[in-house]
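# Coordinate inspection notes
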Amino acid sequence: MLRKTYLLVLTLIAGLYASTSSAQIFDIKVTNYGGIPLALQTFVDDQIQTAENNINKDFPSGAPDRLMEGMANSSVMAAKGIGTDYASNMSVFLIGGGVGAGADLAKPAGTDSPVSGIGVAPGVIVGFNLGFLDTKSILGMDTDRLNLYFNFMSYDYKKQMGDPGKESEIDLSMLSYGTHVRYDWIKPSGNKILGWGGVKLNFGFEYNKTTFGFKSKLNETINQTATTGEVISGTITGSPEASILASTTSIPLALSTDIQILYFLTVYTGAGVDYNMGQAKGKGLLNGNDSTLTCTGGASCGTTPTITVKPSANLDTTAKVQPFLYRAFAGVQFNLPWTRIFVQVDKSLSNDLIGATAGLRFAF
């Protein structure tokens, strides 16, 4: 299940890509036109733009500061649901695993990208009911209604794509950990056929760190003939790299409730507020030297001038996460003997952030 989810996240990353964008990561600028006339300079600019689009097609597009903001906020949203439990009815002990994904669905201005950022968070969870303690209460809370959870997971994943000689590689490095406390504030009622889960108070600490690495081989050949007969030709080479590091901390406070139907199905929902810290930082490097194009044929080329182009990167920026996040969430859980399978969706109440979590747990 985790492998399929990571592939889904890579698909979300692919959704950030755009082949024609006015806010691309890597730029190619002409530094010397070699004395060719203005009309031919426009033709050269068009060919450079085509080559630039080809370079950027395997990288996320969007204004770098907006992309970093979306990545930071998505990192926070991805961690919701993997480290706490809303409906498993643990009596003594719980263990399981899951993965969360977040996305900023706001479309970046001036690009073809459908989203402004994505995030991912894996997690293995262990939980305990504190009823085994000698004391009957802690800070006025009954220990048999008090649950404690810990989650941690580190995982790396790579995927290669593209044509031979022009391969692209996406590299994910993920670390997520946290701790949560859940208190059954209002006790459940009903039975396993139809029961209300009461009201649960959830509080915790969540840390999520994700590094997205993008690498590609650049070998763009230009060989185009203008309508006036001039031929512009040459090759732009390099090894473009880009990385985005999103590192965020979130302190969530939420209320939840649930309904159990015919034992096998539980539906739960809730709302919460999160205090968030952290940022996303981007870095881009084209790894390409100055390249030259030649002009041959036609009267405008004269004595075969050399046109010089300079690659540059456009991702070196940092943006902070949104400090407060107000969200609602809902989930469906399938209850098997000692086994729980769940899917959860979180939605920000103030912007276009959305998250999804899926997992498997064993409750005793």
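## A word on the overall build of the protein
Scanning the protein from N- to C-terminus turns up 3 helices and 19 strands. Expressed as a percentage of its 364 residues, the buried residues of the protein come to 49%. Within the protein, contacts between residues at least 6 apart in sequence are counted, and of these 73% link residues at least 24 apart. By element, 61% of the accessible surface of the protein is carried by carbon and sulfur atoms, the whole surface being about 16,300 Å².

## Notes on the environment of F26
Relative to the assigned elements, F26 resides in strand β1 (residues 26-32). Its relative accessible area of 1% is what places F26 among the buried residues. Along the primary structure F26 and L315 are separated by 289 residues, whereas in three dimensions their C-alpha atoms are 8.1 Å apart.

## Quick word on helix α2 (residues 38-56)
Counted at 1.5 Å a residue, the expected span for α2 with its 19 residues is 27 Å, and the 27 Å between its end C-alpha atoms agrees. Taken as a whole, α2 has its buried residues at L40, Q41, F43, V44, Q47, I48, A51, E52, N53, I55 and N56.

## A word on empty space enclosed by the protein
Applying the stated criterion across every chain, the model contains 3 cavities of 30 Å³ or more. Space inside the largest cavity adds up to approximately 70 Å³. Along the walls of the largest cavity sit 13 residues, with T84, Y86, E206, P252 and R327 positioned nearest its centre. If you list the elements that add at least two residues to the lining of the largest cavity, you get β9 (194-216) and β12 (241-261). Broken down by element, the lining of the largest cavity gets its largest block of residues, 4 residues, from β9.

## Digging into the layout of surface pockets
In this model, the largest pocket occupies a volume close to 450 Å³. The element that contributes the greatest number of residues to the lining of the largest pocket is β9, accounting for 4 residues. Taken together, the residues of the lining of the largest pocket sort by class into 4 nonpolar, 11 polar and 9 charged.

## Observations regarding the confidence of the model for the protein
As a general rule, the predicted coordinates of low-pLDDT regions are not to be interpreted in detail. This prediction gives the protein a mean pLDDT of 86; 87% of its residues lie at or above 70. A low-confidence stretch, residues 1-22 stays under pLDDT 50, and its non-local contacts, those more than four residues away or across chains, total 68 contacts.

## Focus: the pattern of salt bridges
A side chain with one charge can pair with a side chain of the opposite charge if their charged atoms come near. According to the stated counting rule, one finds 11 salt bridges in the structure shown. R327 is the partner of D274 in a salt bridge, and the nearest nitrogen-oxygen pair spans 2.7 Å. You can see D274 sitting in strand β13 (residues 265-285) and its partner R327 sitting in strand β17 (residues 324-336), a full 53 residues away along the chain. Residue class for R327 comes out buried when judged on its relative accessible area of 2%. One network of salt bridges, with partners in common, ties together K80, E206, D274, R327 and D346.

## Considerations on the environment of L172
Turning to its location among the elements, L172 is positioned in strand β7 (residues 168-186). A C-alpha to C-alpha distance of 9.2 Å links L172 and F214, two positions 42 residues apart in sequence.

## A look at the pairing of strand β3 (residues 117-129)
Burial of β3 is extensive: 10 of the 13 residues sit out of reach of the surface. Two elements, strand β2 (residues 93-104) and β3, share 12 bridges in a ladder whose sense is antiparallel. By the bridge assignment, G97 is partnered in β3 with V124.

## Here we look at unusual backbone geometry
The backbone of N89 shows a phi angle near 55 degrees, a positive value even though the residue is not glycine. Structurally, N89 is set in the loop between α3 (64-78) and β2. A positive phi angle, near 65 degrees, is found at Y263, a position not held by glycine. You can see Y263 is positioned in the loop between β12 and β13. When its relative accessible area of 23% is taken as the criterion, Y263 is described as partly exposed.

## Focus: the nonpolar core
I48, F212, I232 and I244 are the most contacted members of the largest nonpolar core, which has 46 residues in total. Counting 6 residues, the second-largest nonpolar core is a separate cluster that includes Y86, A87, Y268 and F342.

## Considering the packing of aromatic side chains
The final tally for this structure, using the stated rule, is 7 aromatic pairs. Through pairs of rings, three or more aromatic residues link up here, namely Y86, Y268 and F329.

Basis of the calculations
- Residues numbered from 1 in each chain as written.
- Predicted model: local features only at pLDDT ≥ 70, side-chain atom pairs only at ≥ 80, totals over all residues.
- Heavy atoms only, no water.
- Helix = DSSP H or I, 4+ residues; strand = E, 2+ residues; numbered from the N terminus.
- Buried < 20%, exposed > 50% of the residue type's maximum accessible area, 1.4 Å probe, protein only.
- Contact = heavy atoms within 4.5 Å.
- Areas by Shrake-Rupley, 256 points an atom, 1.4 Å probe, with all protein chains shown as cover.
- Expected span 1.5 Å × (residues − 1).
- 1 Å grid on protein atoms, 1.4 Å probe; cavity = no way out; pocket = protein on both sides within 12 Å on 5 of 7 lines; lining within 4 Å.
- Points joined across faces, edges and corners; volume = space filled by probe spheres on them.
- Nonpolar A, V, L, I, M, F, W, Y, C, P; charged D, E, K, R; others polar.
- pLDDT = per-residue confidence, 0-100.
- Salt bridge = Lys/Arg side-chain N within 4 Å of Asp/Glu carboxyl O.
- Pairing = 2+ DSSP bridges.
- Core = buried A, V, L, I, M, F, W, Y, C linked by side-chain atoms within 4.5 Å.
- Phe/Tyr/Trp six-rings, centres within 6.5 Å; stacked < 30°, edge-to-face > 60°.

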